Amino acid sequence: DAKTTQPNSMESNEEEPVHLPCNHSTISGTDYIHWYRQLPSQGPEYVIHGLTSNVNNRMASLAIAEDRKSSTLILHRATLRDAAVYYCILRDGSGGGADGLTFGKGTHLIIQP
Amino acid sequence: EPEVTQTPSHQVTQMGQEVILRCVPISNHLYFYWYRQILGQKVEFLVSFYNNEISEKSEIFDDQFSVERPDGSNFTLKIRSTKLEDSAMYFCASRALAGALSYEQYFGPGTRLTVT
């Protein structure tokens, strides 16, 4: 899987928007961009994924750069419950790539009340 | 909402003993996975399982590890002779069958394995 780069940590205030960046300059045309998060003492949890267009779901939005070399996970109104480690992961959607997810260190998001 | 369950939540064992970690994936899912996370480190992929056979495994998944789907609901990870370095949180995950590898994996809460 292609490599992703994320800041080690970010801090935000409760009820404010949070923008979590991810760089993936070696992304291939068939790579999907996935985001997972891991709350303290829990298993990873799927957040959102996309290929080329921006995506929205009930948890977050995913903004993908036009050249697909970077993306941003947007939490529109952070709550204390959103404090977690957020992972940006590329997955080959062509069916020929590895199936196991490759987790990096992710971004540790701290939410201040 | 359906969820992946794992038992036990915490397993303590002595070095050299065999352990079996159990998982019940989401009922209509067909791909199953094991991951581990050593305390303070990254989540690491161990193995994926589909159609009653291993579809992919990492370098970590050596001969001391095995997986099985003994019936229609359980998915197990066996560690034959545990070592101190096997102490970690073990996560099971499952995924619905889809046409592409773009679909999400659902993770269980994990089993904390402590080898003494």
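As shown above, the structure is provided for reference.
Calculation rules
- Residues numbered from 1 in each chain as written.
- Chains lettered and ligands numbered in written order.
- Predicted model: local features only at pLDDT ≥ 70, side-chain atom pairs only at ≥ 80, totals over all residues.
- Heavy atoms only, no water.
- Disulfide = S-S within 2.5 Å.
- Helix = DSSP H or I, 4+ residues; strand = E, 2+ residues; numbered from the N terminus.
- Buried < 20%, exposed > 50% of the residue type's maximum accessible area, 1.4 Å probe, protein only.
- Pairing = 2+ DSSP bridges.
- 1 Å grid on protein atoms, 1.4 Å probe; cavity = no way out; pocket = protein on both sides within 12 Å on 5 of 7 lines; lining within 4 Å.
- Points joined across faces, edges and corners; volume = space filled by probe spheres on them.
- Nonpolar A, V, L, I, M, F, W, Y, C, P; charged D, E, K, R; others polar.
- Contact = heavy atoms within 4.5 Å.
- Buried area = accessible area lost by both parts, 1.4 Å probe.
- Salt bridge = Lys/Arg side-chain N within 4 Å of Asp/Glu carboxyl O.
- Polar contact = N/O pair within 3.5 Å; in protein donor to acceptor, adjacent residues only side chain to side chain.

Q: It is not clear to me how the state of the cysteines should be interpreted in this structure. Could you clarify?
A: A covalent bond between the sulfur atoms of two cysteines is referred to as a disulfide. Tallying each qualifying case throughout the model produces two disulfides over all chains. Put simply, A:Cys22 and A:Cys88 are joined by a disulfide, and their sulfur atoms are 2.1 Å apart. In this structure, the disulfide formed by A:Cys22 and A:Cys88 twists by about -85° around the S-S bond and is classed as left-handed. With A:Cys22 in strand β2 (residues 18-23) and A:Cys88 in strand β8 (residues 84-92), this pair connects stretches of sequence that are 66 residues apart. Pair check on accessibility: A:Cys22 and A:Cys88 agree, each one buried. A disulfide bridge connects B:Cys23 with B:Cys92, and the sulfur atoms are separated by 1.9 Å. Measuring handedness by torsion sign, the sulfur bridge of B:Cys23 and B:Cys92 sits at about -65° and is left-handed. Of the two residues, B:Cys23 is situated in strand β3 (residues 19-24) and B:Cys92 in strand β9 (residues 88-95); the sequence distance between them amounts to 69 residues. Side by side, B:Cys23 and B:Cys92 carry an identical accessibility label, which is buried.

Q: Got a minute to help me understand the pairing of strand β6 (residues 53-57) of chain B in this structure?
A: Residue and element names in this part refer to chain B. The pairing of strand β5 (residues 43-50) with β6 spans four bridges and is classified as antiparallel. Bridge pairing links Tyr50 to Glu53 in β6. A loop of two residues connects β5 with β6, the two strands running antiparallel in sequence, and Asn51 in this loop sits at a positive phi of about 55°.

Q: What should I look at first to understand the pairing of β8(A) in this one?
A: For a regular strand, side chains alternate in direction, first toward one face of the sheet and then toward the other. Residues and elements named next belong to chain A. The buried count for β8 comes to nine of nine residues, which makes it a mostly enclosed element. Of the two faces of β8, the one carrying Ala84, Tyr86, Cys88, Leu90 and Asp92 and the one carrying Val85, Tyr87, Ile89 and Arg91 are both buried. Direction of pairing for strand β3 (residues 31-38) relative to β8: antiparallel, over a ladder of eight bridges. Bridging from a neighbouring strand, Arg37 pairs with Tyr86 of β8. Pairing geometry for β8 and strand β9 (residues 107-112), over three bridges, is antiparallel. Across the sheet, residue Tyr86 finds its bridge partner in β9, namely Thr107.

Q: What is the right way to read the layout of surface pockets from this model?
A: Empty space left among the atoms is revealed by rolling a probe the size of a water molecule over them. If you add up the space inside the largest pocket, you get close to 560 Å³. For the largest pocket, the lining is made up of 23 residues, of which A:Glu45, B:Glu1, B:Glu3, B:Tyr106 and B:Phe107 are closest to its centre. Every element with two or more residues in the lining of the largest pocket is listed here: β4 (45-50) of chain A together with β10 (106-107) of chain B. The element that contributes the greatest number of residues to the lining of the largest pocket is β4(A), accounting for three residues. The class makeup of the residues in the lining of the largest pocket is 11 nonpolar, six polar and six charged.

Q: Where do I start with unusual backbone geometry in this structure?
A: Among all residues except glycine, the phi angle is most often negative; among peptide bonds, the trans geometry is most common. For the bond running from B:Thr7 to B:Pro8, omega is -10°, close enough to zero to count as cis. Note on placement: B:Pro8 falls in the loop between β1 (5-7) and β2 (10-13). Of note in this structure, A:Glu15 is not a glycine but carries a positive phi near 70°. Its place among the elements puts A:Glu15 in the loop between β1 (9-13) and β2.

Q: How should I be thinking about the sheet that holds strand β6 (residues 61-64) of chain A in this particular structure?
A: Pairing between sheet strands relies on hydrogen bonds along the backbone, with the strands arranged either parallel or antiparallel. Ordered by their spatial adjacency, four strands build an open sheet running β2-β7-β6-β5 (chain A), and the pairing between neighbours is antiparallel. In this open sheet, the two edge strands, each paired with only one partner strand, are β2 and β5 (55-56) of chain A.

Q: What exactly am I supposed to notice about the interface of chain A and chain B here?
A: The extent of an interface is frequently quoted as the accessible surface area lost upon association of the parts. Each side of the interface is counted separately: chain A has 22 residues, and chain B has 20 residues. For the chain A face of the interface with chain B, the top three residues by lost area are A:Pro44, A:Asp99 and A:Phe103, together amounting to 31%. On inspection of chain A and its partner chain B, the count reaches zero salt bridges. On the surface where chain A and chain B come into contact, there are four residue pairs in polar contact (both at pLDDT 80 or more). The set of elements that each furnish at least two residues to the side of chain A that touches chain B consists of β3, β4 and β8 of chain A.

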